[in-house]
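A closer look at the structure
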Amino acid sequence: MDFNRKEMDLLAIKIRKNILRTIASKGTGHVGGSLSIADTLAVLYGCVMNVDPADPGKKDRDLLVISKGHSGPAMYAALAARGYFDEGILDTLNKNNTILPSHTDRLKTPGVDMTTGSLGQGASLAAGAAFADQLNGSSNYTYLILGDGELEEGQVWEAALFTAHRRLTNLITFVDANGKQLDGPTDQVCSLGSIEKKFEAFGFHVISVENGNDTRQIYDAVMEARAEKELPSVIVLHTVKGAGVRKYAEMENCHSTTVNREELEAFYQELDAQADDGGKGTGKEA
Amino acid sequence: MRRRMMGEKEQERKHKVREKSMAGIKTSDKELRKVFAETLEALMEENPDVVYLEADLAGAIGTTGLFRSHPKQAFDIGIMEANMVGLGAGMSVKGKIPFMHSFGTFTSRRCADQTFLSGCYNRANIKLVGTDPGITAETNGGTHMPFEDMGIYRSFPEMTILDVAEPHLLKEIMKKMAGQYGVMYIRFPRKGKICYYEEKQTFEIGKGVILREGTDASILASGVEVAEAITAAEELQKENISVRVVDMFTVKPLDEELVLRCARETGAIVTAENHNKIGGLGSAVAEVLAEAGAVPFLRIGVPDCFGEVGDRKFLAEKFGLTAADIAGAVRKVVNKKGS
Ligand SMILES: Cc1ncc(C[n+]2csc(CCOP(=O)(O)OP(=O)(O)O)c2C)c(N)n1
Ligand SMILES: [Mg+2]
């Protein structure tokens, strides 16, 4: 449970490498939203969640619901890095008969606990799981990751009302606020205004993370959320879509794009160079 | 029905039929999404009341330019499909004719109640566009692979359902959609390139098109299965089984007259659709045939299961949607005719 900056940054780098490798195996995929959430997955799988890669179905495990299910490659990258399955399997993304589909599927992939892909639905699923834990008096946490574009789905706010009303403090929600959705900047498609103020108005304890690609800041936010016993917490991560790899961080629209196998080695070097500085100057700063 | 030996006359007739058959399947240089974007633009130019609402998939369907070129008619409203259908229905009460797009899963399942109540029950005038039906969702996988969209909507009164996979048909039918009042749902694959119609071909919503004549059986197909049906018919021709192929692109209202005519004239029917066997074209045809007194009949469709990621060929084989599957079904119904 202790936080080790160096370890977490290395895990985040490993996850990013795995994401790129996974998508390169198919040639194309949801690059941007996978890279932006890599640091959060490193922290959750590295030192926060009560899970056991050797026993993915462990009864008293914490759940992670990645409601932006198109970031499946990030989940697979993290799960493989933590040993849920062989890293070689990453090269089967979206191939015939794969266990790694575009969108996360709890019946297909060891370590995936909720099926998502239709944006908005993970919010209710996570609230439902946390509500059941509350009813059962279980001490487990449910972690929910929403996209910022995803916040446009009304279902997210129905779930938020319920979560606040039931005081589901065992549900910790993250918003991957990378500022972009499929068709471009969220501000241009459908402005969200202040995500923080909206959740506050819905009755949440709001934690705004200035650099949502910084493992230290993410970890501190999670600890604050877990200490909060009155209101459910939301952690608004101000991230960069495509974070960690300059090519994608600077791309106008990297939502779904190509990764060429030939580029992998250079990307790996770029990532390795970030091991000591937390990724400064590599498009990871929000 | 009595088994007939093939007489000389019939041989001759079949030969003629063969000559009358369509040239076959060609590949277009334009993807269907391009046809969609161009036709939509033309419709908006022609009629200022035609509007386009998009739920954050303009990048996927290639319509981004329309927001700039037609800022008073084309709008990317965000990821809110249920809200979109409600908005469109409201706009239509004020005289607008909204075309609304997302993937087929989201313009059917995700907004079914809004389509039913704000749309159909409210007698609104909205045009729902659902791309990548069934197996054409390919790597988007089971969450994005609608095998149920037509089934859901077929039980909605006054709903029109169009299953299209051909550029000329798409273009012409979009014009009809804009011109005819009512709630309509069209599904087509974004990247489809297969074509089999000539420029002069005309279409009516609710009327099937006989693409190829035949006497032993009819294949009533829709969407991407039409091309498979043509291929199956060509294969069967080599075995001297003469098959009529009908493009039943309107799944609702079904061209019942043509279904009955095919039953009468060819004595055996196979349906083929890129959809669950339950609820779509096969069910619609079965209902008509059963009430009229049955002829040998089989359905080609997805065997009531969920989709998954994979390429078109893999998925078509897995779910039994290939030309060979259709041909196999035709052989069975033709054999049954004699027994
Ligand atoms: C209900 C629904 N509508 C549309 C889509 C298609 N879609 C997939 S990702 C996406 C954009 C999501 O943007 P955001 O939530 O900001 O994700 P991120 O930036 O983290 O990738 C869209 C529209 C979907 N998966 N589900
Ligand atoms: Mg985003």
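What this report covers is the structure whose coordinates are included nearby. Keep in mind that what you see is a predicted model, and the values were worked out from it rather than measured.

**A short note on the coordination of the magnesium ion (ligand 2)**
All names here are of chain A. Taken together, the protein donors to the magnesium ion (ligand 2) comprise Asp148 (OD), Asn178 (OD1) and Lys180 (O), at separations of 2.1 to 2.2 Å. Counting gaps between the donor residues of the magnesium ion (ligand 2) yields the pattern D-x29-N-x1-K. Placement of aspartate 148 in the loop between strand S3 (142-147) and helix H6 (154-165) and of asparagine 178 in the loop between strand S4 (171-177) and strand S5 (180-181) is noted, with a sequence separation of 30 residues between them. When sorted by exposure, aspartate 148 lands in the same class as asparagine 178, which is buried.

**Considerations on the state of the cysteines**
When the sulfur atoms of two cysteines share a covalent bond, that bond is a disulfide. In the structure shown here, the tally under the stated rule is 0 disulfides over all chains. A disulfide-free cysteine, A:Cys190 has its sulfur positioned 17 Å from the sulfur of B:Cys111, the nearest such atom.

**Some details on the site of ligand 1**
Close to ligand 1 lie 23 residues, the nearest being A:Lys68, A:His70, A:Asp148, A:Lys241 and B:Glu81. Those chains with residues close to ligand 1 are chains A and B. Contacts to ligand 1 include A:Leu119, whose backbone N or O atom sits 3.0 Å from a nitrogen atom. A:Lys241 places a side-chain nitrogen or oxygen 2.7 Å from an oxygen atom of ligand 1. With the chains in place, 99% of the 600 Å² that ligand 1 exposes on its own is no longer accessible.

**Let's talk about the pairing of strand S4 (residues 97-103) of chain B**
Residue and element names in this part refer to chain B. Here S4 lies mainly inside the structure; 7 of its 7 residues are buried. Of the pairings in the sheet, the one linking strand S2 (residues 50-54) to S4 comprises 5 bridges and is parallel in character. Bridge pairing in S4 places valine 50 opposite isoleucine 97. Looking at chain direction, S4 and strand S5 (residues 127-131) are connected through 5 bridges and run parallel. Within the sheet, the bridge partner assigned to phenylalanine 103 lies in S5 and is threonine 131. The parallel pair S4 and S5, bridged by helix H6 (residues 112-121), forms a crossover whose chirality is right-handed.

**A short note on the packing of aromatic side chains**
What the rule picks out here adds up to 19 aromatic pairs over all chains. With a centroid separation of 5.5 Å and 40° between ring planes, the pair formed by B:Phe36 and B:Phe188 is classed as tilted. In this pair, B:Phe36 sits in helix H2 (residues 32-46) while B:Phe188 sits in strand S7 (residues 184-188), placing the two residues 152 residues apart along the sequence. Residue B:Phe188 is classed as buried on the basis of its relative accessible area, which comes to 0%. Three or more aromatic residues link up through ring pairs in this structure, and these residues are A:Trp157, A:Phe199, A:Phe202 and A:Phe204. Against the face of A:Tyr268 rests A:Lys17, its NZ or CZ located 5.7 Å from the ring centre.

**Description of the sheet that holds S3(A)**
Residue and element names in this part refer to chain A. The strand order across the open sheet formed by 5 strands is S2-S3-S4-S8-S7, and the pairing between neighbours is parallel. Edge positions in the sheet fall to strand S2 (63-66) and strand S7 (205-209), since each has one partner strand and no second. Taking each pair of neighbouring strands and ignoring which way they run, the sheet shows an average axis angle of 20°. Of the pairings in the sheet, the one linking S2 to S3 comprises 4 bridges and is parallel in character. Residue pairing in the sheet places leucine 63 in a bridge with threonine 142 of S3. Running over the sheet, helix H5 (residues 121-136) touches S2, S3 and S4 and is turned about 165° from S3.

**What to know about the sheet that holds strand S11 (residues 243-247) of chain B**
Residues and elements named next belong to chain B. Sheet architecture is open: 5 strands sit in the order S9-S11-S10-S13-S14, paired in mixed fashion. Of all strands in the sheet, those bounded by a partner on one side alone are strand S9 (209-212) and strand S14 (297-302). Pairs of neighbouring strands in the sheet enclose a mean axial angle of 25°, with direction left out of account. Relative to S11, S9 runs antiparallel, the two sharing 3 bridges. By the bridge assignment, valine 209 is partnered in S11 with aspartate 247. Lying over the sheet, helix H9 (residues 225-238) contacts S9, strand S10 (217-221), S11, strand S13 (269-276) and S14, oriented at roughly 170° with respect to S11.

**Section: the pattern of salt bridges**
Oppositely charged side chains can pair when the atoms bearing their charge come close. All chains considered together, the criterion is met by 35 salt bridges over all chains. A salt bridge links A:Glu250 to A:Arg246; the shortest N-O distance between them is 2.8 Å. Using a relative accessible area of 37% as the deciding quantity, one classes A:Arg246 as partly exposed. B:Lys175 serves as the salt-bridge partner of B:Glu172, at 3.2 Å between the closest nitrogen and oxygen. Here B:Glu172 pairs with B:Lys175, and both are found in helix H8 (residues 167-179), just 3 residues apart, close to one helical turn. Of the residues examined, B:Lys175 reaches a relative accessible area of 38% and is grouped as partly exposed. Three or more residues joined by partner-sharing salt bridges are found here, namely B:Glu213, B:Arg244, B:Arg261 and B:Glu265.

The rules behind each value
- Residues numbered from 1 in each chain as written.
- Chains lettered and ligands numbered in written order.
- Predicted model: local features only at pLDDT ≥ 70, side-chain atom pairs only at ≥ 80, totals over all residues.
- Heavy atoms only, no water.
- Donors = N, O, S within 2.8 Å, 3.2 Å for Na, K, Ca; no water.
- Helix = DSSP H or I, 4+ residues; strand = E, 2+ residues; numbered from the N terminus.
- Buried < 20%, exposed > 50% of the residue type's maximum accessible area, 1.4 Å probe, protein only.
- Disulfide = S-S within 2.5 Å.
- Near = heavy atom within 4 Å.
- Polar contact = N/O pair within 3.5 Å; in protein donor to acceptor, adjacent residues only side chain to side chain.
- Areas by Shrake-Rupley, 256 points an atom, 1.4 Å probe, with all protein chains shown as cover.
- Pairing = 2+ DSSP bridges.
- Right-handed = clockwise from strand over helix to strand, strands pointing away.
- Phe/Tyr/Trp six-rings, centres within 6.5 Å; stacked < 30°, edge-to-face > 60°.
- Lys NZ or Arg CZ within 6 Å of the ring centre and 35° of its normal.
- Axes fitted to C-alpha atoms, helices over the stretch in contact; angles between N-to-C directions.
- Contact = heavy atoms within 4.5 Å.
- Salt bridge = Lys/Arg side-chain N within 4 Å of Asp/Glu carboxyl O.

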